[in-house]
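# A structural walkthrough
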Amino acid sequence: MLISERHQLILNLLKEKENVTVQELVELTNSSESTLRRDLDQLEKQNYLKRVHGGASLLHRKREEPSVGEKVTQNHEEKAGIARHAAGLVQDGDCIYIDAGTTTFQMIKHLKGKEILVVTNGIDHLEALLENDVCTYVIGGFVKKTTKATVGRNAIEGIKNYRFDKCFMGTNAIHYDLELTTPDPEEAQIKEKAISLSREAFILADHTKFGEVSFSKFAKLEQVKIITNADESINMEKYKEKTEIISIKSLAKAPY
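Residues numbered from 1 in each chain as written. Predicted model: local features only at pLDDT ≥ 70, side-chain atom pairs only at ≥ 80, totals over all residues. Heavy atoms only, no water.

### Observations concerning the sheet that holds strand β10 (residues 173-175)
One key point about sheets: their strands pair by backbone hydrogen bonds, in either a parallel or an antiparallel sense. As summarised here, the arrangement of the three strands in space is β10-β11-β13, forming an open sheet in which the pairing is antiparallel. The outermost strands of the open sheet, each flanked by one partner alone, are β10 and β13 (216-219). The sheet shows a mean angle of 40° between the axes of neighbouring strands, direction not considered. Examined bridge by bridge, strand β11 (residues 179-182) and β13 share three bridges and lie antiparallel to one another. In the sheet register, Thr182 faces β13, and the bridge partner there is Ser216. The strands touched by helix α9 (residues 185-196) are β11 and β13; relative to β13, the strand with the most contacts, the crossing angle is about 10°. (Pairing = 2+ DSSP bridges. Helix = DSSP H or I, 4+ residues; strand = E, 2+ residues; numbered from the N terminus. Axes fitted to C-alpha atoms, helices over the stretch in contact; angles between N-to-C directions. Contact = heavy atoms within 4.5 Å.)

### Quick word on the packing of aromatic side chains
On inspection of all chains with the given rule, the structure shows six aromatic pairs. Between Phe168 and Phe202, the ring centres sit 5.3 Å apart and the planes meet at 10°, which makes this aromatic pair stacked. Of this pair, Phe168 sits in strand β9 (residues 164-169) while Phe202 sits in strand β12 (residues 198-204); the two residues are 34 residues apart in sequence, bridging distant segments of the chain. An identical accessibility class is assigned to Phe168 and Phe202; each is buried. Clustering of aromatic rings is evident, with ring pairs tying together Tyr97, Tyr137, Tyr162 and Phe164. Sitting above the plane of the Phe218 ring, Lys191 keeps its charged end 5.4 Å from the centroid. (Phe/Tyr/Trp six-rings, centres within 6.5 Å; stacked < 30°, edge-to-face > 60°. Buried < 20%, exposed > 50% of the residue type's maximum accessible area, 1.4 Å probe, protein only. Lys NZ or Arg CZ within 6 Å of the ring centre and 35° of its normal.)

### Let's talk about helix α3 (residues 33-45)
In a regular helix each residue adds 1.5 Å, so 13 residues correspond to 18 Å; α3 covers 18 Å between its end C-alpha atoms and thus fits that length. Taken as a whole, α3 has its buried residues at Thr35, Leu36, Asp39, Leu40 and Leu43. Taken around the axis of α3, the buried residues stretch over an arc of 135°, which confines them to a single face. Residues Arg38 and Lys45 are exposed on α3 and point more than 90 degrees away from its buried face. (Expected span 1.5 Å × (residues − 1). Arc of directions from axis to C-beta.)

### A word on the packing of helix α2 (residues 22-29) against α3
Packing of α2 against α3 leaves a shortest axis separation of 9 Å and a crossing angle of 110°. The orientation of α2 relative to α3 falls into the category roughly perpendicular. The residues of α3 that touch α2, namely those facing Val22, Gln23, Leu25, Val26 and Thr29, are Glu33, Leu36, Arg37 and Leu40. Of the residues in the contact of α2 with α3, the class split is five nonpolar, two polar and two charged. (Parallel < 35°, antiparallel > 145°, perpendicular 65-115°, else oblique. Nonpolar A, V, L, I, M, F, W, Y, C, P; charged D, E, K, R; others polar.)

### Section: the environment of Arg163
Position of Arg163 among the secondary structure elements: in the loop between α8 (153-159) and β9. Remark: the alpha-carbon pair of Arg163 and Cys95, spanning 68 residues in sequence, is separated by 7.6 Å. Contacts of Arg163, omitting those with residues within four sequence positions, involve Cys95 and Leu197. Of note is the side chain of Arg163, whose polar atom sits 2.8 Å from the backbone oxygen of Lys160. (Polar contact = N/O pair within 3.5 Å; in protein donor to acceptor, adjacent residues only side chain to side chain.)

### Re the sheet that holds β12
Strands sit in the order β6-β5-β4-β9-β12-β14-β15 across an open sheet of seven strands; the sheet is parallel. Looking at strand neighbours, the two that pair on one side only are β6 (135-138) and β15 (244-247), the edges of this open sheet. On average, each strand axis in the sheet is inclined to that of its neighbour by 25°, with strand direction left out of account. Summarising the sheet, strand β5 (residues 117-120) and β6 pair through four bridges and their orientation is parallel. The residue bridging Val119 from the neighbouring strand is Tyr137, located in β6.

### Side note on unusual backbone geometry
Of note in the backbone geometry, Glu18 takes a positive phi value of approximately 75° without being a glycine. Residue position: Glu18 is located in the loop between α1 (3-17) and β1 (19-21). You will see that Lys148, though not glycine, has its phi angle at about 55°, which is positive. Tracing the chain through its elements places Lys148 in the loop between β7 (142-143) and β8 (150-151). Taking relative accessible area as the criterion, Lys148 reaches 31% and is therefore assigned partly exposed.

Just distances and angles here, no functional claims.
This is the structure:
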């Protein structure tokens, strides 16, 4: 079988199933495991898929953006652990920025009792921040229906008035070469500005975000530190060449 034919079979199966194991591909192509691993490595370099432990996963589309309702049920335990660790980095006296998003939202309950000031563009964050007695400023602007984030010119002008000790950001995708990206250019602008105004920037990302690429870049890896549950299923060593990885105890279980 020609390499191109084998690659097409791999991609066809991925489109059908979204996740495939090396063993499935061995049976499909009648090729050796070592051959299939080389194929997957090559296809990953060409940005057709991402390697995961024991196989490969289909990349999300560049503009694909799940709603808050969809994201809140995904990898809930992993996100909770990441958020708890992030909140532990906040000290009394800090002025911090909390990005809109489901992982950053879970930080809020761990901030109760801290003498801090929070600025956010997350509309969903407001009630939780007030319930936990956190002094809060919200950035005005256009409210996105999918992420409940304020974005646009007014949001950019609003955030320019503040300076932060730390910012805590969500992301849709982390890639070693293509770096930190998100589907919406307007939301990317807010993220980029918040990072530029912060003394320290932290990305909160579960293991599924690594190897993905979205439409709009908002930061280089060198600009941030990444708090994650990513484990041996992802080659973290190459990311550590560019950024600091803060690993929490992994709760993730490989789905195959």
